[in-house]
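# Examination of the molecular architecture
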Amino acid sequence: MGNNTATTLLLSLLFCFLCLFFSINLVPSALAIWLTLPSSGTKCVSEEIQSNVVVLADYIVIPNRNDDFGSPTIALKVTSPYGNDLHHKENTTYGNFAFTSQEAGSYMACFRADGHNQGGEEITLNLDWKIGIAAKDWDSVARKEKIEGVELELRKLEGVADAIHKNMLYLKHREEGVRTVSEKTNSRVAWFGIMSLGICITVSALQVWRLKRFFRNKKLI
């Protein structure tokens with residue numbers, strides 16, 4: 001009985017470790033970064049996201065202690081892989097945006113210093129970008145379903161496992177697409193090589209025939 005309990009505990013710990021490992025390495029989660037925006041120009045952040053994934057983000061300009069012109073403002077634009085505008089705001093110092101990805105690909109958030117800024121100094125921006133399982137409000141889930149403690153942690157692990165499964169399917173689909181393109185490209189290159197070789201042989205044969213005809217007309221052979 002004791003051995004079975006120890007084995008179960010060991011397997012549970014191993015499962016938790018694997019879920020934690022894969023959630024860090026395979027599942028898009030949270031990204032909190034500081035950006036330094038130049039006085040002119042744009043700085044962008046992009047993330048590869050599959051379809052039907054919830055994305056939440058908060059951003060705020062960090063005030064400069066030595067800034068005598070007031071808090072600087074920025075302009076923000078978030079676009080989908082096909083260039084559709086998901087969020088656009090100007091002359092702001094803080095805000096947030098949220099969307100559910102409609103197509104898989106690289107989603108991009110671009111920040112730039114607003115034209116009304118004075119002083120020409122760099123702007124420091126904090127961006128908290130949450131994707132998928134990290135964007136879920138677990139406090140609301142716990143209150144709604146009246147769960148807590150171990151049960152809540154197991155629910156989180158279940159969400160992580162589901163996210164890992166979906167991400168693996170997405171990677172498999174992308175690998176199949178890349179392999180298909182590679183095979184088509186390889187086939188086209190092979191046919192191009194055969195066609196080029198055929199053209200070279202034909203041109204060489206015509207050149208030899210023309211030279212022979214020329215030498216015969218000149219009675220050199």
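Residues numbered from 1 in each chain as written. Predicted model: local features only at pLDDT ≥ 70, side-chain atom pairs only at ≥ 80, totals over all residues. Heavy atoms only, no water.

## As for the confidence of the model for the chain
This prediction gives the chain a mean pLDDT of 77; 75% of its residues lie at or above 70. Taken element by element, the predicted model of the chain shows its lowest mean pLDDT in helix α1 (residues 2-25) (49) and its highest in strand β4 (residues 74-79) (91). (pLDDT = per-residue confidence, 0-100. Helix = DSSP H or I, 4+ residues; strand = E, 2+ residues; numbered from the N terminus.)

## A short note on the state of the cysteines
Applying the stated criterion across every chain, the model contains one disulfide. Two residues share a disulfide in this structure: cysteine 44 and cysteine 110, whose sulfurs sit 2.0 Å from each other. Judged by the sign of its S-S torsion, about 105°, the cystine formed by cysteine 44 and cysteine 110 is right-handed. In this pair, cysteine 44 sits in strand β2 (residues 42-49) while cysteine 110 sits in strand β7 (residues 105-113), placing the two residues 66 residues apart along the sequence. According to the relative accessible area criterion, cysteine 110 is buried, its value standing at 18%. (Disulfide = S-S within 2.5 Å. Buried < 20%, exposed > 50% of the residue type's maximum accessible area, 1.4 Å probe, protein only.)

## Examining the packing of aromatic side chains
Counting across every chain of the model gives six aromatic pairs. Ring centres 5.9 Å apart and planes at 75° place the aromatic pair phenylalanine 97 and tryptophan 129 in the edge-to-face group. With a gap of 32 residues between them, phenylalanine 97 in strand β6 (residues 94-100) and tryptophan 129 in strand β8 (residues 123-131) connect regions that are remote in the sequence. For the pair shown, phenylalanine 97 and tryptophan 129 are each scored as buried. Relative to tyrosine 107, the ring of phenylalanine 99 lies with its centre 5.5 Å away and its plane at 25°, an arrangement referred to as stacked. Within the aromatic cluster, the residues linked to one another by ring pairs are Tyr59, Phe97, Phe99, Tyr107, Phe111 and Trp129. (Phe/Tyr/Trp six-rings, centres within 6.5 Å; stacked < 30°, edge-to-face > 60°.)

## Overview of the sheet that holds β4
The strand order β2-β7-β4-β5 describes an open sheet built from four strands, whose pairing is antiparallel. Every other strand in the sheet has two partners, leaving β2 and β5 (85-92) as the edge strands with one partner each. On average, adjacent strands in this sheet sit at an angle of 10° to one another, irrespective of strand direction. Where β2 and β7 come together, eight bridges link them in antiparallel fashion. Considered in β7, the bridge of valine 45 is made with alanine 109. (Pairing = 2+ DSSP bridges. Axes fitted to C-alpha atoms, helices over the stretch in contact; angles between N-to-C directions.)

## Section: unusual backbone geometry
One non-glycine residue, asparagine 52, adopts positive backbone phi at about 60°. The topology assignment puts asparagine 52 in the loop between β2 and β3 (54-62). On the basis of relative accessibility, which here comes to 64%, the residue asparagine 52 falls in the exposed class.

## Things to note about a nonpolar patch on the surface
A contiguous nonpolar patch, built from Phe192, Met195, Ile199 and Val203 and spanning about 410 Å² of accessible area, is present on the exposed surface. Along the chain, isoleucine 199 turns up in helix α3 (residues 149-217). (Patch = residues over 30% accessible without salt bridge, like charges linked within 9 Å, V, L, I, M, F, W, Y side chains within 5 Å. Areas by Shrake-Rupley, 256 points an atom, 1.4 Å probe, with all protein chains shown as cover. Salt bridge = Lys/Arg side-chain N within 4 Å of Asp/Glu carboxyl O.)

## Structural notes on the environment of cysteine 44
A relative accessible area of 38% places cysteine 44 in the partly exposed class. With 34 residues separating them along the chain, cysteine 44 and valine 78 place their C-alpha atoms 9.3 Å apart. When sequence neighbours within four positions are dropped, the list of residues in contact with cysteine 44 reads Met108, Ala109 and Cys110. (Contact = heavy atoms within 4.5 Å.)

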